[in-house]
Amino acid sequence: MARYLGRRFLRSFITLFIILSIVFILVRQMPIDGYFPNIEKMTDAQIQNGLHQMGLDQPILVQLYNFFKELILHGNLGTSWVYRDNVPVAEILAPKIPVSIKLGSLSLLFAMLIGLPMGTFMAKYKGKFFDNLGAAFIVLIQAVPSAVYYLFIQLYGTEWLHISMLFDPDKAISWVLPVFSMSLGNIAYYAMWLRRYMVDESKKDYVTLARIKGVSENKIFFRHVFRNAFVPMAQYLPTSFLNTVIGSIYIESLYSIPGMGGLLVDVVKKQDNNMVLGIVLLYATVGIIGLLLGDLMMALMDPRINLVKKGGER
Amino acid sequence: MKKLLAFLMTLALLAGMAVLPASAEENVYTALYSSEVSTLNYLTSSTTWDYTPGANVVDTLIEYNNIGEIIPGLAETWEVSEDQLTWTFHLRQGQKWYDYTGAEVGEVTANDFVAAAKYVLTPEYDSSLEYMFEEANILNAAAYYAGEVTDFAEVGVKAVDDYTLQYIVDKPTPYLLSCMTYGSFMPAYGPQLEELGADFATACEKMYCCGAFILTEFEPQVKHVFVKNVNNWDAENVHIDRIEQIYNAEAATLAPTMALRGEVDYADLSNDIIDDWKANNPDIISRGRAIPDFSYFFCFNFDPQYEAEYGPDNWRIAVNNSNFRHSIMSAFDRTYSMRALEPDDPESILQNTITPATFCAADGVDFSELAPFEGTEENFFNAEKALEYKAKAMEELTAAGCTFPVTILLTYKSGDTDWENESILFKQQLEGVLGTDYINVELYAGPSESFLSATRRAGVYSMMRCNWGADYADPLTWASPFAESIDSETGLHEGNSYNKMDVSLDGDAYPETKDILTAYYATVEEAKNITDDTTARYTKFAEAEAMLINNAMVIPYNIEAASYQVTKLNIFEGQYSPCGVSNLRYKYQTLHEDFISAEEYEAAYQEWLTAMGK
Amino acid sequence: MALLKHPKVEALENSLSAQLKRDLSEKELFSFAPFDEEEAELTGASNYSYWRSTLHAFSKNRVAMFLLALMLIIVLFTFIQPLLPGQYDAFVVTNGDNGLPLKNKQPSAEHWLGTNSIGQDLWARLWSGTRTSLFIGLACAMIEACVGILMGVLWGYVRKLDFLFTEIYNVLDNIPSTIILILISFILKPGVGTIIFAMSLTGWIGMARFIRNQILIIRDRDYNVASRCLGTSTWRIIVKNLLPYLVSVIMLRMALSIPGAIGSEVFITYIGLGLPATVPSLGNLINEGRKLMMSPSLRYQLIYPTIILSIVTISFYMIGNAFSDAADPKSHV
């Protein structure tokens, strides 16, 4: 296992390298006027000077080499060009990441606390009232675009709670609406898939066998069915938690929460290449670790899955 | 689950009972903003929004009052030499720089202006304001920037002593004063610039203030806080104690509701919701000021470079025909399409000249009313005339090998709702008058990012609403979009970046267009060289501009519409100027208890118009 | 469906009759017939058809059948609507008596769903937009399913490819789609084709990963190991052993990816990279309506497109669930 992990880590670094290189080359395909908000009034000489200052006049491979040299030798992601002129990328990201993680984890936790029991009970009472009620909720959440119901929650929620429409980090109560809004989608997601997997699982032969053996219905359901049904869900859990770093563009925009949500869209549009690469590095790292943890978790929970064994294929 | 619900309910109840604290301090002005400034560095940035902090925390040599007259700022007096080449400014004494905590740092001297100029002209700092020094004809500025002059002492910005500043120009520049309210001519504390270099003004801790306000907090994408600078020479004219700008990406949607709930003191009302507001809250709607710093006009593209399916070659023949252009211009009911931008009173922003009305005046006569413009109004909307032109154009163009209907690629920016709507109205109106047997207007949505390079500059349009902003208070600035652009290698015209009309100067394919252009460029050159007689200079420029209008080369359109808003400020008290940063200043404006009512607004507007002499 | 003969039965009949009808020489008649593995298999075929049973089970679900019919009607109606008498054009601005656009008019007999902020008929725009969005959704779901299943199966089953595919996945999944969307918007002009292309370019990755993980779970189950030991070809194991097992989850996922694609169009419009307003779509309409949401009297412009979007989503969700239930062989008995 240790060797397997070692190899996976090594591979992850190579993957990161490829991702960053591709993104690096991609963002440099954008038209140059994105770099100069004032290009209308600039002379060619000024544009050339500007490109030179940003190192964009060099051959792309040289730029790429310089980028990795700075990153690997000094851990330097460079400075922002447009988003916040001349401020180091790391300095911009540092205060934003914890905000999004805090908000995201809270909402994820809330979603699991509500969503998983909900899915379990829906499966247990399949076809009954509770199942239908849950299904109606899931359908409603899935059906109405979040862009729309988030607004309604904000408009009426703040009125009902008598609080400001905007987020205030000092007031605990101003967390309620953003966390609640953000978790709705995940509640529906967890409940829906858990129910689906559990219904599939409970039709399996071993369940019938267990029943014949006289194992209590509750024990079958919570010990066996739930555990097996949870396996395919488990792979997404680490990623979900790590992904909270990405933030929510809708929620953070609506409530003025100074997190990561929407930052990537913003900097890609503004062609702030260093910022783009910094964020891509962060997201990619998180994504790769999430994938690795997901695979490990699946293997841990279901002994039939073997990640290390070789030679199974024909 | 139950416990959690109970917890939430308790929280809700608690919050419900707690009385919301009223704002403790008086005179706090709170507003939302939806896009963050990219920098605080007023010496390098050139976008209007980026200027806002700089404009309020740093004073300029001169200022404008609320009716657009130049008044003393940091300079108490100034004079220009006989030969019009040396401008001398005498600075106000005892003005201090303050850091973000309000602590005094040093005195504002002439050296701070020189240091700032040097900073702007140093290529390493990549200032996008360097062009202003070239526009103002400052001696050796361009040469220093290009590295041809290495000693900054040779550049025409000099501190004679601590309180005397000189700008030396290489040719008479009658409009120099109006350049002085740009960021490029603002001072910056010399020793700090020296120390921080490229790091200058990357945070509020890294810049000093000498203006009406002090920037005490700058948390990007969270908030900006400005506090009144009580020590400023003009503090008695600063009526707001504290300005809080709070970031919200959805401000356009949220701000109006937040204003109604009393959470903010200002909100923009977009054109889509204005009907609803008029029905439900008519008493608190007011408007901004329409400022003639940007002018919009429709360009015909003389060098189309788009896909063959839209028939660029066909368009090239058509656009070089004067009757064709006139038929479009006469058929175009500008106030109809303008309703997408200004739903109620399009007449108020309509312009019949490229240089907007009230931009500048010679001997009390507004530029747009100078003699050469007499009769230009004949060219505008007239459906009957349009059909006459159409008949003539069809005849001539059929002979020239043009096929009908002519496709007009009308380019706009995707994501810009007002522009999109305007284009829809334009198409419907124009086709309604001229008939789809004659023209076919194709709407073309350009990309929302890097829009201009993908469309106008690349020549991907037949007709397009273009705009240009003034750099200084002289009609010369409005001729810039049409200035010839010549490829240095081939010696041929590569197309001025706006309507590419100068390409028709090469070769003899379109003699009619060539004649118009030759005359136009000659007139502009003549006008440029008149520097001692304002009336003669302006009249000459007017003559040139009238040529573009009378030959239907360009269709003047409008100035930026004054947005609907709810606000507690009386905006007519604010500084007013067609160029520079003056309009962004909060100085002079008073904060009212309640939102300005529709009546108050109307009264203030009329009063202001009277003061302006209209 | 029941009218059609089962293909296996048909094939068997054909081969038998060919054998019988053939005019064979005497010598051939008395030679040994070669052993044909396939035909031998056919003789053992039962009359059970997986798909026919699935459809049968599905058709018993009344709600799902109703929603399926509703979807078909909606799709059909989006095409018929412009042809009906008395309809406004989705693009034409209606002018009032004073020659000015009738904007933001509440729903009335003239304009059934009112007009938008420049005076275009919302009823017409709603159907035009629904057509566009459904097309985008279907196209994206099809591409996603085809590419995703193919890649996912290869990735999950063929161990030699696992390394390569995981690597490709990691790279593609971590290149933010915003970058690709914006780059594409520079190269291609905004339009339906562009948006489908841009969304499909990265959309299949999720599906592929999903399939791969499913395959991974069942790949080494005993019956597959047994199949491999018996020398069954990889392709056959995939098509006969693995995919039928996954039909139910694949169907559910596909059914959800149609509204998913419509939803991401809403998001893409929200971040300013969507279709131009000259091409109405549900994404456009909802985002336009969203800006007016705070004004109660204009909220109708948001409500109607949201209702249609919700109906589409609910329908596909229910149809997908019903179908995946029906696709489970255990419910066929």
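Residues numbered from 1 in each chain as written. Chains lettered and ligands numbered in written order. Predicted model: local features only at pLDDT ≥ 70, side-chain atom pairs only at ≥ 80, totals over all residues. Heavy atoms only, no water.

Draft legend 1. Highlighting the packing of helix H11 (residues 234-270) of chain C against helix H13 (residues 300-326) of chain C. Residue and element names in this part refer to chain C. Two numbers describe how H11 lies on H13: the axes approach to 7 Å, and their chain directions differ by 170°. The orientation of H11 relative to H13 falls into the category roughly antiparallel. Here H11 contributes Ser248, Met251, Leu252, Ala255, Leu256, Ile258, Pro259, Ile262 and Val266 to the contact with H13, which in turn contributes Leu309, Val312, Thr313, Phe316, Tyr317, Gly320, Asn321, Phe323 and Ser324. Classifying every residue of the contact of H11 with H13 by side-chain character gives 13 nonpolar, five polar and no charged. (Axes fitted to C-alpha atoms, helices over the stretch in contact; angles between N-to-C directions. Helix = DSSP H or I, 4+ residues; strand = E, 2+ residues; numbered from the N terminus. Parallel < 35°, antiparallel > 145°, perpendicular 65-115°, else oblique. Contact = heavy atoms within 4.5 Å. Nonpolar A, V, L, I, M, F, W, Y, C, P; charged D, E, K, R; others polar.)

Draft legend 2. Representation of the interface of chain C and chain A within the structure. Tallying the contact residues gives 58 residues for chain C and 60 residues for chain A. Here chain C and chain A share an interface that buries about 5600 Å² over both sides, 66% of which is from carbon and sulfur atoms. At the boundary of chain C with chain A, the tally comes to two salt bridges. As a salt-bridge pair, Arg196 of chain A and Asp325 of chain C come within 3.0 Å of each other at their nearest N and O atoms. Across the contact surface, chain C and chain A share seven residue pairs in polar contact (both at pLDDT 80 or more). If one sorts the elements of the side of chain C that touches chain A by residue count, H13 of chain C sits on top with eleven residues. When grouped by side-chain class, the residues that make up the side of chain C that touches chain A number 28 nonpolar, 17 polar and 13 charged. (Buried area = accessible area lost by both parts, 1.4 Å probe. Salt bridge = Lys/Arg side-chain N within 4 Å of Asp/Glu carboxyl O. Polar contact = N/O pair within 3.5 Å; in protein donor to acceptor, adjacent residues only side chain to side chain.)

Draft legend 3. The domain arrangement of chain B, seen in detail. Residue and element names in this part refer to chain B. Each assigned domain of chain B is listed here: domain 1 (250-290 + 561-612) and domain 2 (294-559). Taking the mean C-alpha position of each, domain 1 and domain 2 sit 32 Å from one another. Listed by partner, the interface residues are eleven residues for domain 1 and 14 residues for domain 2. Together domain 1 and domain 2 conceal approximately 930 Å² of surface at their shared face, both sides included; 50% is due to carbon and sulfur atoms. Remark: the boundary between domain 1 and domain 2 carries two salt bridges. Asp344 is the salt-bridge partner of Lys278, the closest N and O atoms lying 2.1 Å from each other. Within the side of domain 1 that touches domain 2, the residues separate by chemical class into eight nonpolar, one polar and two charged. (Domains from an automatic or database assignment.)

Draft legend 4. Quick peek at a positive patch on the surface. Residue and element names in this part refer to chain A. A grouping of Lys213, Lys219, Arg223 and Arg227 is seen on the molecular surface, where their side chains present a positively charged patch. With three residues, the single largest contributor to the positive patch is helix H10 (residues 217-234). Along the polypeptide, Arg223 turns up in helix H10. (Patch = residues over 30% accessible without salt bridge, like charges linked within 9 Å, V, L, I, M, F, W, Y side chains within 5 Å. Areas by Shrake-Rupley, 256 points an atom, 1.4 Å probe, with all protein chains shown as cover. Lys, Arg positive; Asp, Glu negative; His and termini not counted. Charge placed at Lys NZ, Arg CZ, Asp CG, Glu CD.)

Draft legend 5. Spatial organisation of the pattern of salt bridges. Taken as a whole, this structure holds 31 salt bridges over all chains when the rule is applied. Among the salt bridges present, the one from Arg196 of chain A reaches Asp200 of chain A, with a minimum N-O distance of 3.2 Å. Taken together, the positions of Arg196 of chain A and Asp200 of chain A, both in helix H8 (residues 176-202) and four residues apart, correspond to about one turn of that helix. Judged by relative accessible area, which is 2%, Arg196 of chain A ranks as buried. For Asp220 of chain C, the salt bridge goes to Arg219 of chain C, with nearest N and O atoms at 3.7 Å. On the basis of relative accessibility, which here comes to 7%, the residue Arg219 of chain C falls in the buried class. Taken together, the shared-partner salt bridges connect Arg159, Arg219, Asp220 and Arg228 of chain C into one network. (Buried < 20%, exposed > 50% of the residue type's maximum accessible area, 1.4 Å probe, protein only.)

Draft legend 6. Local environment of the sheet that holds strand S10 (residues 213-219) of chain B. All names here are of chain B. Spatial strand order, S1-S12-S11-S10: four strands in an open sheet with mixed pairing. Either end of the sheet is taken by a strand with one partner, and the two such strands are strand S1 (28-33) and S10. Going from strand to strand, the sheet's axes swing by 15° on average, the running direction of each strand aside. Relative to strand S12 (residues 242-247), S1 runs parallel, the two sharing six bridges. Each bridged residue has a counterpart across the sheet, and for Tyr29 the counterpart in S12 is Ile243. (Pairing = 2+ DSSP bridges.)

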